[in-house]
There are 2 protein chains.
Amino acid sequence: GARVMYDFSAEPGNNELTVNEGEIITITNPDVGGGWLEGRNSKGERGLVPTDYVEILPSDGKDQFACGNSVADQAFLDSLSASTAQANASATNSSNQVSSGSDPWSAWNASKPANWESSDSWGAKPEGATAQRSAANNWDSAFGHPQAYQGPATGDDDDWDEDWDEPKSSPYFKDSESAEAGGAQRGNSRATSSSMKLPLNKFPGFAKPGMEQYLLAKQLAKPKEKIPIIVGDYGPMWVYPASTFDCVVADPRKGSKMYGLKSYIEYQLTPTNTNRSVNHRYKHFDWLYERLLVKFGSAIPIPSLPDKQVTGRFEEEFIKMRMERLQAWMTRMCRHPVISESEVFQQFLNFRDEKEWKTGKRKAEKDELVGVMIFSTMEPEAPDLDLIEIEQKCDAVGKFTKAMDDGVKELLNVGQEHWKRCTGPLPKEYQKIGKALQSLATVFSSSGYQGETDLNDAITEAGKTYEEIASLVAEQPKKDLHFLMECNHEYKGFLGCFPDILGAHKGAIEKVKESDKLVATSKITPQDKQNMVKRVGTMSYALQAEMNHFHSNRIYDYNSVIRLYLEQQAQFYETIAEKLRQALSRFPVM
Amino acid sequence: GARVMYDFSAEPGNNELTVNEGEIITITNPDVGGGWLEGRNSKGERGLVPTDYVEILPSDGKDQFACGNSVADQAFLDSLSASTAQANASATNSSNQVSSGSDPWSAWNASKPANWESSDSWGAKPEGATAQRSAANNWDSAFGHPQAYQGPATGDDDDWDEDWDEPKSSPYFKDSESAEAGGAQRGNSRATSSSMKLPLNKFPGFAKPGMEQYLLAKQLAKPKEKIPIIVGDYGPMWVYPASTFDCVVADPRKGSKMYGLKSYIEYQLTPTNTNRSVNHRYKHFDWLYERLLVKFGSAIPIPSLPDKQVTGRFEEEFIKMRMERLQAWMTRMCRHPVISESEVFQQFLNFRDEKEWKTGKRKAEKDELVGVMIFSTMEPEAPDLDLIEIEQKCDAVGKFTKAMDDGVKELLNVGQEHWKRCTGPLPKEYQKIGKALQSLATVFSSSGYQGETDLNDAITEAGKTYEEIASLVAEQPKKDLHFLMECNHEYKGFLGCFPDILGAHKGAIEKVKESDKLVATSKITPQDKQNMVKRVGTMSYALQAEMNHFHSNRIYDYNSVIRLYLEQQAQFYETIAEKLRQALSRFPVM
C-alpha cells in the first residue's frame, strides 16, 4: 500500500484516479512510466496517480522504499546512481558549484571565495552531479508568483511533468532518445529551475572538455560559428544582428498520445522574420532550454522556463499564464544576439518536418562546443587584459548581481504580500463598506419620514460605488503589479545563473594563478601560460559583453515596467476618485 | 496581597504606583476612596492603584472578596445592596427593562412583547435595580472607536473615574451630596452608558411616581415648565425656539485637589447666546447627563457621555478626543428644543458663581417632574388618538430604531476593521514598496553602466512617493472615517435609549388594555380609563414629535457626514494619483 501525500484530482477521460491526502491506496503497478503509478483505492477504483504524490508504506514489504520517501524520490535516486556511474567521475567546473546547496550565492556571501580554492583546485576530481538534487528551487517556493499557485503540489511536482510523458522504462513505449532526455529532466529539473546547473555529464562527448582543455588547448578550433566581440562606447559588446526578430507563442492546443492515456498541450510558435509556424510541446522548450544551458551557460545567463505544474495543468488560467511566460522567455532569447543567431535556436524555430527536427535535435546533442568551450568560439577584437583587471571585473559583476538579486527578491517579497492584500482582504472590506451603506439606506427608507428619498438613493449609490471599488481593487494587480512581478521574476531567473557563470570565471582565474607552479615544474610551457591568460581575457570580454547586454536590457525593462506600473496605478486611483465624485454628486445639498 | 490584572502607569506627582499585569502587590489600604486602593510593590514602593486593576488573592484571608472579582466589583456589590435596600421595593417601569440583560433590544427581538405582559403586569413588584449591573456596556467593547482605545483598561474602567474623585466613604473627604451622586455613578455607569437605565430609585421623591401615578392622576399639575407639542407638516412636533444657541467646549485645563493627590481636567463652556463662560469638570457633565436622563429619559433619548478613561487620561490625544465628544454631546443637547430650553440645562450653562451652581444643583435633584411624569407637562394641541393607532406608532418606532441600530452597528464594525487596516498593515506595505524601489535604485547605481542616472533618480523618487503614500494612507482615516465613525457612534448612543423609551410606552399601553378589568371591578371609574387613554395619547404624540426631531437630525447628519466622507476620499485618491503622475513624469522616455 501507499499513503497519499497530496490531493490529486483526476483529469476526466485521462485514466487518472482522484485521491485525497491521507488516503491509503494499493499499488497495482509501481511504475507505468512518465512519473505515474497505477493504484486502486478502497472503493476498488483503479487509475493513474503521480508517483510524487504518494509515499510507500513500510508494511508493503518492499524495504528498498524507505518510509517517507516518495516513489519518485526512489526513482530519482535510482536514475541518479545510473547517471553518476555513466559520468564516471569526470571533472566539470559546474559540478563544483552545486555543492554549495540551495543558495547559489553562498560562495558570494563568504568574504573570501574559499570555495574555489578548496574544491576547484587543479586536478581535483569532484564527485559528479550527486549534489544537484539538494539545490532546491528556492525561487519558486519563496518568490513564486501567487497567481501561479494552484494547489499544494506546485512545490513538489518538479521531478515529473505530464508534458514529459515519455517514460524511461515504460511498459507501453520505448524510445531511447526521449528516455535519455527524460532522465535528465527528472534528475535536473529542480536544480536547473533554481539556477543554472550544467547537466554536462548527461551528454555524450561533453564529459571530457573541462576548463583545462579550453585554457591549455594548443590551438583552438576555428569553427564556422564564430561569436564576435567588439569594443563599443560602453566597452566590450556582442555584435547585434542587422535585423532582429521575435517569436509569437500562441494557440495552445490539447493533444493526446498513448492511446489517449496521456494528454499534453502544444503551442504554436511563429518567428516574426519567417512568419512560418512550428508546433512545440513544453518538453521541447525544455529540451531547448537544456541545450542552450549546456552550450552557452558558462557565458550567458539562460533563465529557466516557467514552472512545470501538475494540478490544474489544463485549466485555462494556468495555460494562459504558462504561455505568457513561454512568450516572455522566447522574446528574451530572440533578443539575445548570441542565442538568437545560434544554430540550435534557429533550428528549433525553423525545421520543416519531423525528420528535419529529429536530425537537428541529434546534431545539437552531439555538439562538442559546449560548456567552457564556448569561449573558444570567441575572438574579441580588443587588447589583451591583465589578470588583476580580469579579476576586478569578475568581482564587480559578482557584487552587482548578488546585490541586484537581493533587491529583486525584496521587491518580489513585498509585491507578493501586496498582491495578497489587494486581491484578498482589501476588496472584501470595500465590499463590506458598500453593503453596510446599502443596508443603512434600506433602513432609512423604512422610516416613514417624508422627503428623504434623494438621500437614501444617494447612499445606496455610494454603497454600490464601494462595491465597484472592491472589484477595481481586486482586478488592479493583474493590470500593474503582475507585470512588475513578472519582470522581477525574469530577472531573478537571470541573476540565479550568475553564480555558475562567475564560478567558471573564478575557476579559470585560479588556474592561471596556479599556473606559475606548473611552469616551474615544467608541466606546462611559458607559452601555455600566456595562452591561458589570453583565454581568461577572452572570457572576461565575454562577461563584459554579456553584462553590457544585461544592463541595457535591464535599464530598458525596468524603465518600461515601472512606468507601466505608475501609469496604471495613477489611472486606478483616478478612476476611484472619479467614481467617488460621481457618487458624491448624487447627494442632495441641504 | 492582590494580583495586578492590567498595566497601570502612574501619573507623575500624583501619588500613584506604576504596576504591571501579573505583579503581586500588598494592599495597605483597600479603599482610600474614589476607586483607589493603596498598595505596596515588591520593591517597597507605595502608592495608589485603581481598585479595578487588581484582583484580591484568596490567600489574603478576606473571604468576602471572591477570587477573580476586583476590589471595585466588591465595592460595587456593597453599594448596590445599600441602594437596593434604600429603594425598598418600589416599582418602576424602567427597572423591568434591565432584566433583559445586556441587549437592550432583546424585548424587540421576540415576536410578541411577552416581556411587558409577564413582568409588567399591574401591581407586580419588580425586584429593583439588581439586574442593572449585568447590562454590560456592549457598545464600548464591541464598537468602541479604535482611536479611543488606549490600553487594555478601557472596557473595565467604567466603575470608577478619576474625575469622579469624591469617594463615598473616603477617609480624607466627606460630602454627602457628592457621595450620593457618586453612588449612582458607581452603580449605574455601566448600564447608563450602554442604554438608558433610569436610576430613579436613587433620587428621593422619585421612588413614588410610577406609570400609575401619571396615568391615573385625577388632575395633572400645570407646571410653569409646559412642553408644547404642535402638529406640523410632518406630523406632531416639538416647538422650536425662535433663536437657537450652541455651546463651545474648549480650553481643557488640569486642576488638582486633595492636596495635589488627585488631579482632573476642567473644560470651559461658552454658550453662543450669552458668550459668558462657565467651567465644568467631567463629573459635572456626568451629573447633567444623569439629571437629563432622569427627567427626560422616558420621552427623549439622552445619549451617554463619552467614555471615561483611566489610562492616558491626561494624554493630549485623549483629552482632545474627549473634548471633541463632549462638544458633540453639548451641541446635540443645545440642538434639542426641549432639552435646551429646560431649567436644568440652562442652569448648567448660566450659573454665576459656586453658590448659584450648588443651589441650582440641589433644586434639580429635588425635581419631581421626572420619569414618566414628564409627560404631565405636555399638552398636545391635537385630537385624541385611539389605542390601536398608538400601538401601531409605537411598534413602528421600535421596528425602525432596532433596524437602524443593526445598520449602525454593521457600519461601525466595518469601519473599525477598515480603520485598523488603513492605519496598520496597508501603510506598512506601501512603505515596504517604497523601500524596495529605493534599494533597487541604489543597486542599479552601483552597476558602473553609463547613462542610467536619470532612471535611478526616477526610481528613487518613485520609492519616496510610495513612502509618502504610506503616510497619506495612515493619516486619511482621521480626515474622513473618523467623522463617519463618530456620527454612527452618536447614533448608536441615541438608539440604545429607545428600548427604555419604548418600554415606558408599551407599559402604558398594557395598563390601558388591562384597565377594562379594573373598571369592571370598580377599582377605577370609566372617567379614569378615558383619562388613561388620553394620557397614553399624549405619550404617543411626544414619541412622534421626538421621532420627527430624530429623523430630521438623522437626515441632516448622515447627509453631511457621508458627503464629507466621499469628498475627503475623492480628494485622497486624487492626491495619490497626482503624486504618482509626478513620479511617473521623472522617468526618461526611451
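This report concerns the structure included in the present document. Source: prediction; values computed, not measured. Along each chain, the written sequence defines residue order, and numbers are assigned to residues from 1. Both sets of labels track the order of writing: A upward for chains, 1 upward for ligands. Two thresholds apply to this predicted model, a pLDDT of at least 70 for residue-level local features and 80 or more for giving and counting side-chain atom pairs, whereas whole-chain, interface and lining totals are computed over all residues. Excluding hydrogens and water, the side-chain figures rest on all heavy atoms present in the structure.

### Considering the overall build of chain A
Let me state the cut-off plainly: The way it works is that DSSP assigns letters per residue, a run of H or I at least four long becomes a helix, a run of E at least two long becomes a strand, and they are numbered from the N terminus. Burial classes: relative accessible area under 20% of the type maximum marks a residue as buried, over 50% as exposed, and values in between as partly exposed (1.4 Å probe, protein chains only). The contact criterion used throughout is that any non-hydrogen atoms of two residues lie within 4.5 Å. In this description, accessible areas are obtained by the Shrake-Rupley approach with a 1.4 Å probe, and a residue is regarded as covered only by the protein chains that are shown.
Counting its secondary structure elements, chain A contains 18 helices and eleven strands. Counting every position in chain A, which comprises 590 residues, the buried fraction comes to 59%. Sequence separation of 24 or more characterises 74% of the internal contacts of chain A that already satisfy a separation of 6 or more. Element-wise, carbon and sulfur atoms account for 51% of the exposed surface of chain A, whose accessible area totals about 23900 Å².

### Considerations on the interface of chain B and chain A
What counts here: A 1.4 Å probe defines the accessible area here, and the buried area is the portion of it lost by two parts on being joined, summed over both. Each salt bridge in this description consists of a side-chain nitrogen of Lys or Arg and a carboxyl oxygen of Asp or Glu lying within 4 Å of one another. Under this definition, polar contacts are N or O atom pairs within 3.5 Å; protein pairs additionally need one hydrogen-donor-capable and one acceptor-capable atom, and for neighbouring residues in sequence, both atoms have to be side-chain atoms. The nonpolar class holds Ala, Val, Leu, Ile, Met, Phe, Trp, Tyr, Cys and Pro. Asp, Glu, Lys and Arg form the charged class, and all remaining residues, Gly among them, are polar.
Contacts between chain B and chain A engage 63 residues on the former and 63 residues on the latter. Between chain B and chain A the total buried area reaches about 6400 Å² when both faces are included, carbon and sulfur atoms providing 68% of it. In this structure, the connection of chain B to chain A is made through ten salt bridges. R581(B) is the salt-bridge partner of E574(A), the closest N and O atoms lying 2.7 Å from each other. On the surface where chain B and chain A come into contact, there are 26 residue pairs in polar contact (both at pLDDT 80 or more). No other element matches helix 17 (residues 526-585) of chain B, which puts 24 residues into the side of chain B that touches chain A. A breakdown of the residues in the side of chain B that touches chain A according to their chemical character gives 38 nonpolar, twelve polar and 13 charged.

### Some words on the packing of helix 18 (residues 526-585) of chain A against helix 15 (residues 453-479) of chain B
Rule in force here: In this description, a line fitted to the C-alpha atoms serves as the axis of each element, helices being fitted only across the stretch in contact, and the angle between N-to-C directions of two axes falls anywhere from 0 to 180 degrees. Angle categories: roughly parallel below 35 degrees, roughly antiparallel above 145, roughly perpendicular from 65 to 115, and oblique for all the rest. Should the near helix be turned anticlockwise from the far one by less than a right angle, the crossing is termed left-handed; should it be turned clockwise, right-handed.
Between helix 18 of chain A and helix 15 of chain B, whose axes approach to 11 Å, the crossing angle comes to 30°. Between helix 18 of chain A and helix 15 of chain B, the interaxial angle falls into the category roughly parallel. Handedness of the helix 18 of chain A/helix 15 of chain B crossing: left-handed. Residue-level contacts link I555(A), N559(A), I562(A), Y565(A), L566(A) and Q569(A) of helix 18 of chain A to L455(B), I459(B), A462(B) and Y466(B) of helix 15 of chain B. When the residues that make up the contact of helix 18 of chain A with helix 15 of chain B are grouped by side-chain class, the tally is eight nonpolar, two polar and no charged.

### Quick look at the pattern of salt bridges
Residues and elements named next belong to chain A. One pass over the structure, following the stated rule, counts 54 salt bridges over all chains. Across the salt bridge formed by E38 and R46, the nearest N and O atoms sit 3.2 Å from each other. Taking the relative accessible area as the measure of exposure, E38 reaches 18% and is therefore buried. Given the relative accessible area of 48%, R46 is considered partly exposed. The salt bridge partner of D557 is R332, with a shortest N-O separation of 2.7 Å. Separated by 225 residues along the polypeptide, D557 in helix 18 and R332 in helix 9 (residues 316-335) bring together distant segments of the chain. Each of the two residues, D557 as well as R332, counts as buried. Connected via shared salt-bridge partners are R332, R335, E490 and D557.

### Comments concerning the pairing of strand 7 (residues 235-238) of chain A
Residue and element names in this part refer to chain A. Our working rule: Only strands that DSSP links by at least two bridges are regarded as paired with each other.
Pairing of strand 6 (residues 227-232) with strand 7, which is carried by four bridges, proceeds in the antiparallel orientation. Residue V231 lies in a different strand from strand 7, and its bridge partner there is P236. The hairpin formed by strand 6 and strand 7 contains two residues between the paired strands.

### Some words on unusual backbone geometry
Not every positive phi belongs to a glycine, and N275(A) is a case in point at roughly 60°. Take N275(A): its relative accessible area is 61%, and that puts it in the exposed class.

### Some remarks on the packing of aromatic side chains
Cut-off, in case you're wondering: Each Phe, Tyr or Trp ring (for Trp, its six-membered ring) is paired with any other whose centre lies within 6.5 Å, and the angle between the two planes then decides the class: stacked below 30 degrees, edge-to-face above 60, tilted in between. Both a distance and an angle decide whether a charge sits over a ring: NZ of Lys or CZ of Arg must be within 6 Å of the ring centre and within 35 degrees of the ring normal.
Tallied over the full model, the rule gives 33 aromatic pairs over all chains. Seen from their ring centres, Y466(A) and Y565(B) are 6.2 Å apart, and the 35° between their planes marks the pair as tilted. Taken together, the residues span two chains, with Y466(A) in helix 15 (residues 453-479) and Y565(B) in helix 17. Each of the two residues, Y466(A) as well as Y565(B), counts as buried. Look at F351(B) and W357(B): their rings are 5.2 Å apart centre to centre, the planes differ by 40°, and that puts the pair in the tilted class. As far as the burial class goes, F351(B) and W357(B) line up, both buried. An aromatic cluster is defined as three or more aromatic residues linked by ring pairs; in this entry it consists of Y267(A), F285(A), W287(A), F348(A), F351(A) and W357(A). Cation over ring: K295(B) sits above F296(B), and NZ or CZ is 5.8 Å from the ring centre. Directly above the aromatic system of F444(A) lies the positively charged group of R554(B), at a separation of 4.4 Å from the ring centroid.

### Concerning the side chain of K492(B)
All names here are of chain B. Position of K492 relative to the elements: it lies in helix 16 (residues 481-520). Given the relative accessible area of 7%, K492 is considered buried. Polar side-chain contacts of K492 include one of 3.4 Å to the side chain of D405.

### Observations regarding the packing of helix 8 (residues 282-296) of chain A against helix 11 (residues 343-350) of chain A
All names here are of chain A. It is at 10 Å that the axes of helix 8 and helix 11 come closest, and there the two elements cross at 165°. As far as their axial angle goes, helix 11 and helix 8 are roughly antiparallel. Handedness of the crossing formed by helix 8 with helix 11: left-handed. Of helix 11, the residues touching helix 8 (which contributes H284, F285, W287, L288, R291 and L292) are V344, F345 and F348.

### Some points on the sheet that holds strand 7 of chain A
Residue and element names in this part refer to chain A. Spatial strand order, 7-6-11: three strands in an open sheet with mixed pairing. Only two strands of the sheet have a single partner each, and these edge strands are strand 7 and strand 11 (378-380). Neighbouring strand axes in the sheet, compared pairwise and without regard to direction, differ in orientation by 30° on average. Against the sheet, helix 18 contacts strand 6, strand 7 and strand 11, and its axis sits at roughly 80° relative to strand 7.

### Considering the environment of A364(B)
Residues and elements named next belong to chain B. Relative to the assigned elements, A364 resides in helix 12 (residues 354-366). For A364, a relative accessible area of 13% gives the class buried. Taking C-alpha positions, A364 is 9.7 Å from F345, a pair spaced 19 residues apart along the chain.

### Some thoughts on the relation of the copies chain B and chain A
The operation relating the two chain copies consists of a rotation about an axis and a shift along that axis. For clarity, the threshold we go by: Least-squares superposition of the copies uses the C-alpha atoms of those residues scoring a pLDDT of at least 70 in each of them.
You can overlay chain B on chain A at an RMSD of 0.2 Å; the transform is a turn of 180° with a shift of 0.1 Å along its axis. A rotation of that kind, with that shift, is consistent with a two-fold axis. The C-alpha atom lying nearest the rotation axis in chain B is that of Y573(B); the distance is 2.7 Å. Taken together, the interface assignments show that 100% of the residues at the interface of chain B recur at the interface of chain A, consistent with an identical surface on both copies.

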